[in-house]
Amino acid sequence: KFIAWDSLLRRLTARLRVKKYLKENPAATETPLLPPVFVLGLPRTGTTFLHRLLSLDPNVRFPKTWELFDPAPIYPDDPVKDSEKKRKFVQDGIDSIKTIVPQIEAIHEIGSGGAEGG
């Protein structure tokens, strides 16, 4: 229950921070974007492989795992510090999961810096 509650609380906090950021930085919503490509599929059907293959294209911007957890800047004046702190936080969580379930990477490689955890 604690893990589910913690996860929910973090997602709601991230959502509120995104809303606040967009309210304070309305120009962020005016940036032209290309239509997204979504990779969807059932478990063990190659979606991670396809996602990582697509991420190799230098013309494509994919969200890194740490960005998915907390997309709004915490330190807007220092993007390097912002990304390093977020990446470390997510990687620490992933390392905890690997300690609890050491065989997880035999099933699915996970990490904070690549496409969908790679």
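Residues numbered from 1 in each chain as written. Predicted model: local features only at pLDDT ≥ 70, side-chain atom pairs only at ≥ 80, totals over all residues. Heavy atoms only, no water.

Student: Sorry if this is basic, but what is going on with the overall build of the protein chain here?
Tutor: For the protein chain, the helix and strand inventory stands at five helices and zero strands. When its C-alpha atoms are laid out on the principal axes, the protein chain stretches across 45 × 35 × 25 Å. Within the protein chain, the fraction of its 118 residues that count as buried is 18%. Partitioning the intrachain contacts of the protein chain with sequence separation of at least 6 by distance along the chain shows that 49% fall at a separation of at least 24. Treating the 18 positive side-chain charges of the protein chain as one cloud and the 15 negative ones as another, the clouds have centres 5 Å apart. (Helix = DSSP H or I, 4+ residues; strand = E, 2+ residues; numbered from the N terminus. Buried < 20%, exposed > 50% of the residue type's maximum accessible area, 1.4 Å probe, protein only. Contact = heavy atoms within 4.5 Å. Lys, Arg positive; Asp, Glu negative; His and termini not counted. Charge placed at Lys NZ, Arg CZ, Asp CG, Glu CD.)

Student: I'm lost on the packing of aromatic side chains in this one. Help?
Tutor: Both the distance between ring centres and the angle between the ring planes are used here to describe each pair of aromatic rings. Inspection of the entire model under this criterion finds zero aromatic pairs. Cation over ring: K64 sits above F62, and NZ or CZ is 5.3 Å from the ring centre. Looking at K81, its charged tip hangs above the ring of Y75, at a distance of 4.4 Å from the centre. (Phe/Tyr/Trp six-rings, centres within 6.5 Å; stacked < 30°, edge-to-face > 60°. Lys NZ or Arg CZ within 6 Å of the ring centre and 35° of its normal.)

Student: I'm lost on helix α2 (residues 47-55) in this one. Help?
Tutor: Since one α-helical turn is 3.6 residues long, residues separated by three or four positions face the same way. Of all the residues in α2, the buried ones are T48, H51 and S55. All buried residues of α2 project into a common sector of 65° when viewed along the axis, lining one side. (Arc of directions from axis to C-beta.)

Student: Would you explain the environment of F49 in this entry?
Tutor: Its place among the elements puts F49 in helix α2. Note: C-alpha distance between F49 and Q103 (54 residues apart in sequence) is 19 Å.

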